[in-house]
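A closer look at the structure
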Number of protein chains: 2
Amino acid sequence: MSIRVGIAGYGNLGKGVELAVSRAPDMELTAVLSRRNPTALTLQTPGVPVYALDEAGRLKAGIDVIILCGGSAKDLPAQGPQLAAMFNTVDSFDAHTDIPAYLSKMDTAATDTTAIISSGWDPGLFSMMRMLSGAVLPDGNDYTFWGYGVSQGHSNAIRGVEGVRDAVQYTVPLEAAVSAVRSGANPSLTAGQKHLRECFVVPEEGADLAKIEESIRQMPYYFAGYETIVRFVSQEELLRGHAGMPHGGHVFRTGVTGGEHKQVMEFSLKLDSNPEFTASVMTACARAAVRLSREGVFGAKTVFDIPLSYLSPTDRNTLIKELL
Amino acid sequence: MSIRVGIAGYGNLGKGVELAVSRAPDMELTAVLSRRNPTALTLQTPGVPVYALDEAGRLKAGIDVIILCGGSAKDLPAQGPQLAAMFNTVDSFDAHTDIPAYLSKMDTAATDTTAIISSGWDPGLFSMMRMLSGAVLPDGNDYTFWGYGVSQGHSNAIRGVEGVRDAVQYTVPLEAAVSAVRSGANPSLTAGQKHLRECFVVPEEGADLAKIEESIRQMPYYFAGYETIVRFVSQEELLRGHAGMPHGGHVFRTGVTGGEHKQVMEFSLKLDSNPEFTASVMTACARAAVRLSREGVFGAKTVFDIPLSYLSPTDRNTLIKELL
């Protein structure tokens, strides 16, 4: 029997999950839950019912796992524990410093369900690579580079600057830094020495461009300490050239074995669509959540807790025969 | 209490495990087992006793896991089941087509022990990447490139050619093919379109060099169908310039989500020492074998069956806090 999947939250991520579920041979989309008026939503998949989020309780018998597609700041802290008390869940909670507290709340809620938290690619696949490579090369250094890609957080930060109407920010890994790491040279690099930030900014009419540029450059945490390029463009140019959501990055572990032999491990992603890829990882994790739950392994879990084969629709013997 | 590790087989791989165990904060090397006369072995670690392989039975109480460092052709098919009946084991069985049969024999032997088979990097880490990336991007293609590195199998094949005294063969990934795959172009490529083979050959005195070159180029399976470069060198040159054991490679999954968005996943290794890196992966797997065994999860397991955190000496909460 197919795994019956629900989606909570129908933004870019929710739409990505809908597409990923439609490609999964062992899954069917059973319901979409939304905070919006259900009649206002038009899905890509015909015939799937939409419910208000607070109707979730009465869907319990018909859904094997809900993929939570809300944001980490406001949606998940409330929705997560509420839904995990009733359903197996998967989410992409990505507020790094708050993960232990969120894990604990989800673990308390998921008494007879399985809740996989913080899946996606970072946290998620990148975390798996950091963990795996550190276990293999204990004597070494980690490096994470992000981009080339759009950072929503940085784009929003620019939109908050006085005189800015709209903006898109690209995080760009510095090739010289990537090459130095890849060579096994083990350089010491700050985040600002690893990335530059390229900003496409639509100013309000008559705004002081020099002042906008200076405000962006000096913004603490977001831009201070980074090489920052500000390009002013029209709203039309922004919509035409910068509406995509590419992203990616590199995780490196460079270490030494036997006192002298350099060993370099690298994991890289180059993504045309960040939300669709994140959704694809979450959908694979949904399969694992259902399987763990059927085995009675309840509570909050992370990508560190899942045997890899649980992510695949293919049976273990075939995986071993074809991929090992 | 430290994990007490035994090593069976003290060649390059066994020596690599010895080094890896010495770097592991939670492990100690307790014994080395060898087919050779124990008094003939000088270990890198002072004070560790060496035993004959057939004495293994009486060491049962003092060893938590034995890392099997023998070869797949002759050693492991016999040693594996024999030792797995008494000890938790880890091996790097890499005869791909024979893995299912070996798994089954090891599973039968490991009735109250845990035997992780086919660890290392291929099979091993590369297998994990193929499996993980296929689960995330079901609509896509896999590509595995090997090298730049020394292939023992191909080097041995050349050594079997009439008139050859010694040889080292490097498998070299073709950069144009790697770039085409990395771009997401999804090319169709044979193994020969992905790699070239560079051979450093020491001829016997007076041997027919043209005939040697032709015999190598035409060797079915090993060289036929590949761009093959043969370079004749002296024994001194071979020892001076080609005694290392570098290796590495790339695993790609390139796929599409949502009908049009290209997504590229890449995992790469660049290794100065193939045996030391393989040993490092096996040592991390030894930790997982002991942990699974303590939980009563017996039988033959693969890298697909292990939660990643079981590979690390760091506790789960710290992993989640620092690496997720």
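Residues numbered from 1 in each chain as written. Chains lettered and ligands numbered in written order. Predicted model: local features only at pLDDT ≥ 70, side-chain atom pairs only at ≥ 80, totals over all residues. Heavy atoms only, no water.

1. A few points about the overall build of chain A
Per the secondary structure count, chain A includes 11 helices and 14 strands. On C-alpha atoms alone, chain A measures out to a radius of gyration of 22 Å, which is about the 20 Å that the 2.2 N^0.38 rule sets for 324 residues. In terms of overall dimensions, chain A has C-alpha extents of about 60 × 60 × 35 Å along its principal axes. Burial statistics for chain A: of 324 residues in total, 58% are counted as buried. Relative to all contacts within chain A whose residues are 6 or more apart in sequence, the contacts with residues 24 or more apart total 69%. When the accessible surface of chain A is totalled, it reaches about 13,200 Å², and 50% of it is carbon and sulfur. Distance from the positive charge centre (28 side chains) to the negative charge centre (35 side chains) of chain A: 3 Å. (Helix = DSSP H or I, 4+ residues; strand = E, 2+ residues; numbered from the N terminus. Rg over C-alpha atoms; globule rule 2.2 N^0.38 Å. Buried < 20%, exposed > 50% of the residue type's maximum accessible area, 1.4 Å probe, protein only. Contact = heavy atoms within 4.5 Å. Areas by Shrake-Rupley, 256 points an atom, 1.4 Å probe, with all protein chains shown as cover. Lys, Arg positive; Asp, Glu negative; His and termini not counted. Charge placed at Lys NZ, Arg CZ, Asp CG, Glu CD.)

2. Notes on the sheet that holds strand 8 (residues 149-150) of chain B
Residue and element names in this part refer to chain B. Reading across the sheet, the four strands line up as 8-9-10-11 and stay open at both edges, with mixed pairing between neighbours. The open sheet has two edge strands with one neighbour each: strand 8 and strand 11 (227-232). Note that strand 9 (residues 164-173) and strand 10 (residues 195-203) share nine bridges and pair antiparallel. Of the residues in strand 10, the one forming a bridge with Val-168 is Phe-200. Packed onto the sheet, helix 5 (residues 152-159) meets strand 8, strand 9 and strand 10 and runs at close to 145° relative to strand 9. (Pairing = 2+ DSSP bridges. Axes fitted to C-alpha atoms, helices over the stretch in contact; angles between N-to-C directions.)

3. Details of the pattern of salt bridges
Residue and element names in this part refer to chain A. For the structure shown, the criterion picks out 24 salt bridges over all chains. Among the salt bridges present, the one from Arg-130 reaches Asp-122, with a minimum N-O distance of 2.8 Å. The residues Arg-130 and Asp-122 share a single accessibility class, namely buried. Between Glu-213 and Arg-217 there is a salt bridge, and its shortest N-O distance comes to 2.7 Å. Linking Glu-213 with Arg-217, this pair stays in helix 8 (residues 209-218), spanning four residues, or about one helical turn. (Salt bridge = Lys/Arg side-chain N within 4 Å of Asp/Glu carboxyl O.)

4. Brief notes about the sheet that holds strand 6 (residues 114-116) of chain A
All names here are of chain A. Ordered in space as 3-2-1-4-5-6-14, the seven strands form an open sheet in which the pairing is parallel. Of all the strands in the sheet, the pair left with one neighbour each is strand 3 (50-52) and strand 14 (299-301). Looking at each pair of strands side by side, their axes are set apart by 25° on average, direction ignored. Here strand 1 (residues 3-8) pairs with strand 2 (residues 27-34) via six bridges, running parallel. Counterpart to Ala-8 in the pairing with strand 2 is Leu-33. In the packing of helix 10 (residues 274-294) onto the sheet, the strands contacted are strand 1, strand 2, strand 4 (65-68), strand 5 (88-90), strand 6 and strand 14, and the crossing angle to strand 5 comes to about 155°.

5. Regarding the domain arrangement of chain A
Residue and element names in this part refer to chain A. In terms of domain boundaries, chain A breaks down into domain 1 (3-123 + 275-319) and domain 2 (125-272). For domain 1 versus domain 2, the separation of C-alpha centres amounts to 28 Å. In this complex, domain 1 contributes 11 residues to the contact, which on the side of domain 2 involves 13 residues. Counting every contact that joins domain 1 to domain 2 gives one salt bridge. (Domains from an automatic or database assignment.)

6. A closer look at the side chain of His242(B)
Residues and elements named next belong to chain B. Structurally, His-242 can be placed in the loop between helix 9 (235-241) and strand 12 (247-257). Separated by 2.7 Å, the side chains of His-242 and Tyr-170 make a polar contact. With sequence-adjacent residues up to four places away left out, His-242 is seen in contact with Val-168, Tyr-170, Phe-200 and Glu-237. (Polar contact = N/O pair within 3.5 Å; in protein donor to acceptor, adjacent residues only side chain to side chain.)

7. Side note on the relation of the copies chain A and chain B
With an RMSD of 0.0 Å, chain A superimposes on chain B once it is rotated by 180° and translated 0.0 Å along the axis. In symmetry terms, the pair is related by a two-fold rotation axis. (Least-squares fit on C-alpha atoms with pLDDT ≥ 70 in both.)

8. Examining the nonpolar core
Among the nonpolar cores identified, the biggest contains 160 residues, and Phe277(A) and Phe277(B) are the most heavily contacted of them. Not counting residues up to four positions away in its chain, the partners in contact with Phe277(B) are Val136(A), Leu137(A), Gln263(A), Met265(A), Trp121(B), Leu125(B), Leu269(B) and Leu271(B). (Core = buried A, V, L, I, M, F, W, Y, C linked by side-chain atoms within 4.5 Å.)

9. Quick word on the packing of aromatic side chains
Per the counting criterion, the structure on display carries 14 aromatic pairs over all chains. Judged by centre distance (6.0 Å) and plane angle (80°), the rings of Phe126(B) and Phe267(B) are edge-to-face. Remark: Phe267(B) occurs in strand 13 (residues 261-271) and Phe126(B) occurs in helix 4 (residues 125-136); sequence separation between them is 141 residues. With a relative accessible area of 3%, Phe267(B) lands in the buried category. The ring of Tyr226(A) is capped by Arg197(A), whose NZ or CZ atom sits 4.3 Å from the centre of that ring. When the ring centre of Tyr310(A) is taken as origin, the NZ or CZ atom of Arg291(A), which lies over that ring, is 3.8 Å away. (Phe/Tyr/Trp six-rings, centres within 6.5 Å; stacked < 30°, edge-to-face > 60°. Lys NZ or Arg CZ within 6 Å of the ring centre and 35° of its normal.)

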